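The primary structure of each chain is shown beneath.
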Amino acid sequence: MTRWQLAHGRHLDLGARSLLMGILNVTPDSFSDGGEFDRPERALQQARRMIGEGAAIIDVGGESTRPGAGAVSAREEQSRILPVIEALSSEGGSLVSVDTYRAETARLAVAAGAHIVNDVHGLQREPDIAHVAAETGAGLVIMHTGRGREKLADVIADQFLFLNRSLEIARGAGIPDDRIVLDPGFAFAKDGEENLELMARFGELRALGFPLLVGTSRKRLARHLVGESDEGRDVGTAATSVILRLKGASIFRVHNVAVNRDALAFADAVRERETVE
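Below you will find a few notes about this structure. Since we're looking at a predicted model, the values are computed, not measured.

## Some words on the side chain of His-115
One can find His-115 in the loop between helix 3 (103–111) and strand 6 (116–119). The buried category is assigned to His-115, whose relative accessible area is 6%.

## Here's the deal with helix 2 (residues 74–91)
Residues spaced three or four apart along an α-helix point in a common direction, a consequence of the helix completing one turn every 3.6 residues. Under the 1.5 Å per step criterion, the end-to-end length of helix 2 is 26 Å for 18 residues, consistent within 8% with the ideal 26 Å. Within helix 2, the axis deviates most sharply at Ile-81, by approximately 30°, and proline Pro-83 lies no more than four positions further along. The complete set of buried residues in helix 2 reads Glu-77, Gln-78, Arg-80, Ile-81, Leu-82, Val-84, Ile-85, Ala-87 and Leu-88. In this structure, the buried residues of helix 2 make contact with strand 3 (19–25), helix 1 (40–53), strand 4 (57–61), strand 5 (95–99) and helix 3. Of the residues flanking the end of helix 2, it is Gly-92, one or two places downstream, whose phi is positive at about 70°.

## A few points about the sheet that holds strand 9 (residues 213–214)
Taken together, eight strands build an open sheet; the order of strands is 8-7-6-5-4-3-10-9 and the sheet is parallel. Among the strands making up the open sheet, the edge pair consists of strand 8 (180–183) and strand 9. Bridge analysis of strand 6 against strand 7 (residues 139–143) gives four bridges, and the strand direction is parallel. Within the sheet, the bridge partner assigned to Ile-116 lies in strand 7 and is Gly-139.

The rules behind the values
- Residues numbered from 1 in each chain as written.
- Predicted model: local features only at pLDDT ≥ 70, side-chain atom pairs only at ≥ 80, totals over all residues.
- Heavy atoms only, no water.
- Helix = DSSP H or I, 4+ residues; strand = E, 2+ residues; numbered from the N terminus.
- Buried < 20%, exposed > 50% of the residue type's maximum accessible area, 1.4 Å probe, protein only.
- Expected span 1.5 Å × (residues − 1).
- Bend = angle between axes of the 7 residues up to and from the residue.
- Contact = heavy atoms within 4.5 Å.
- Pairing = 2+ DSSP bridges.

Take it as geometry only, folks, not as evidence of what the structure does.
What follows is the structure in structure tokens.
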């Protein structure tokens, strides 16, 4: 078991049981649920539903990361997410993560009550975000991406290349290892074959020595095998969650908390039996 230290004196124990991070896109254009929760009252209702279904973390994002999505200003991003983070923090029903690569947005989000900073650019777009995490004591999710750069041909070699660079940035800013979780960034500039290869070889990432978070939810790697319906995408996501749990993932970033909760209960039971035996 590993203890993940977070902002505001909080922590999470990782390893014994799968932990779910509920996705809350406060945006009009996210690929799966854009526009559904772009008003604070609807966002809060969705967050409460996911908490009730078992989400330990609510991940609040104000800018879509789907391919081709238009950029938004820092001010617009902040106006979308900060009221929701403040309200969730005041209710105290779960831990709150902010999905941003911007240093100032991260700073304001932690001040508003967020416990975790989740950076899809792995600290490499705005490296000052690492100093924000260090100064605020926030937990940090460092994600791998292939966007905007040349990748190595081998998917695992590219993971190590990118993530080790990110870890250099984190350590240079003074972030302790016990505040860091890594995310291999499924579908971020990875085609279907690359995603399947990454899934098949996922266990190799454990050599990096950090807890692993995965976000396959409703992405193309699930959709191209099971179809485009919401039901099919959620079943496909749950299947990937089980596979990745058995290969060592600890945290699962998902849209449908209940389906993944139930699927992961079986994976946890198998892992427990393997440990006992």
